[in-house]
Amino acid sequence: MHDPLELRHLRYFLAVAEAGSFSRAADRLGISQPSVSQQMRDLEAGLRVSLFQRRGKRILLTSAGLIFQEHARVILRQLENFLQELSSEPGQLRGALHVGVVPILNVALMPDLLGLFATKHPGINLTVDEISSTEIETALEEGRMDVGLGFLTRHSPNLRYERLCTDEFALIVSEAHPWWRRRVVQFSELHQQRLLQLSDTFVMRRMTDQICLRHQVRPRTVAELNAIETLLRSLAPLKAAALMPKIALRGREGLKLKAIRLEGKKLDLEIGLLRLTGDCAPDPAEGAYYVSGWRR
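Residues numbered from 1 in each chain as written. Predicted model: local features only at pLDDT ≥ 70, side-chain atom pairs only at ≥ 80, totals over all residues. Heavy atoms only, no water.

## Here we look at the environment of Thr208
Reasoning step 1: On the secondary structure map, Thr208 appears in helix α7 (residues 203-214).
Reasoning step 2: By relative accessible area, which is 2% here, Thr208 ends up buried.
Reasoning step 3: Through-space distance from the C-alpha of Thr208 to that of Pro245 is 9.9 Å; in sequence the pair is 37 residues apart.
Reasoning step 4: Ignoring any residue separated from it by four or fewer positions in sequence, one finds Thr208 in contact with Phe169, Gln197 and Leu243. (Helix = DSSP H or I, 4+ residues; strand = E, 2+ residues; numbered from the N terminus. Buried < 20%, exposed > 50% of the residue type's maximum accessible area, 1.4 Å probe, protein only. Contact = heavy atoms within 4.5 Å.)

Right under this line is the structure:
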């Protein structure tokens, strides 16, 4: 072997390391098992180290193999990024973008926005995490996240809050609820009404608590849940209602729920982008203006 290391050696090595077997690695690579074994023997001979050890029928990595595995992954990742840059259009943005989104907006908005953003910026790798508003703000301030999509609390002086739309709290009910045919409900009518609520770890729950306090209303909490999807699916069996922004139903049409308009004070809320002050990361909501029924 003239060169101790070639790209195929990296790919074959990582396949064997992941599969723990030359034969399984060969199946995944679509080549013969003897060919994989020979390539790995050539690699060890060229590097003059042992990368594998046998433990029964399983192939394990030696200490040198573990080091080689770590660097092989980095090399191939860098090569993929390099090839992606070469194939990108001149002036096209490239890199990675880490986005945090609050749970209630993930199903409602992200599928459409991801498609629009990927079309506009194909050279950017997106990572999306569903986390709370508080966690988004903390991650942005600590530099662990680039952009947040959530409620504009304006709690942090270090963050820039950009409003994209407004929504309002409504009463979410199922067909089984006695108010299903109602078009409007006075907020005062919610006193002692059966509600399913999110746990107080959600900013949205703290918002609804403040609204109820403002209206001097104390609903009857049937259950507290820490998952929006579970809460919405539980409305029909429990014949209860939920106090949530209307956007909670977007993307969940199959649940057969409706949002009844509430008459009350300060029921609106702002939804938008959160970024560090001075941050110039690409906007993951570019194209949001074209998402029907959202931009107002």
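Don't stop here, the text continues.
## Some remarks on unusual backbone geometry
Reasoning step 1: You will see that Arg48, though not glycine, has its phi angle at about 60°, which is positive.
Reasoning step 2: Of note, Arg48 is situated in the loop between α3 (33-47) and β1 (52-55).
Reasoning step 3: Classification of Arg48 by relative accessible area gives exposed; the value is 78%.

## Quick look at helix α5 (residues 103-120)
Each full turn of the α-helix corresponds to 3.6 residues, which orients residues three or four apart in the same direction.
Reasoning step 1: Over its 18 residues, α5 extends 25 Å from the first C-alpha to the last, a length consistent with the 26 Å expected when each residue adds 1.5 Å.
Reasoning step 2: Along its length, α5 shows its largest kink, about 55°, at Leu109, and proline Pro111 lies within four residues downstream of that point.
Reasoning step 3: Taken together, the buried positions of α5 are occupied by Pro103, Ile104, Leu105, Asn106, Ala108, Leu109, Met110, Leu113 and Phe117. (Expected span 1.5 Å × (residues − 1). Bend = angle between axes of the 7 residues up to and from the residue.)

## Here's the deal with the side chain of Thr62
Reasoning step 1: Structurally, Thr62 can be placed in the loop between β2 (58-61) and α4 (63-87).
Reasoning step 2: Polar contacts involving the side chain of Thr62 include one to the main-chain carbonyl oxygen of Ser50, which spans 2.6 Å. (Polar contact = N/O pair within 3.5 Å; in protein donor to acceptor, adjacent residues only side chain to side chain.)

## Regarding the pattern of salt bridges
Reasoning step 1: Per the stated rule, a full pass over the model turns up 14 salt bridges.
Reasoning step 2: Residue Arg275 is joined to Glu162 by a salt bridge in which the shortest nitrogen-to-oxygen separation is 3.1 Å. Highlighted residues: Arg275 in strand β12 (residues 268-276) and Glu162 in strand β6 (residues 159-174), separated in sequence by 113 residues.
Reasoning step 3: Arg205 is paired through a salt bridge with Glu224; the nearest N and O atoms lie 3.1 Å apart. Linking Arg205 in helix α7 with Glu224 in strand β9 (residues 220-225), this pair joins segments that are 19 residues apart in sequence. (Salt bridge = Lys/Arg side-chain N within 4 Å of Asp/Glu carboxyl O.)

Without other data, these values stay purely geometric and don't point to any function.
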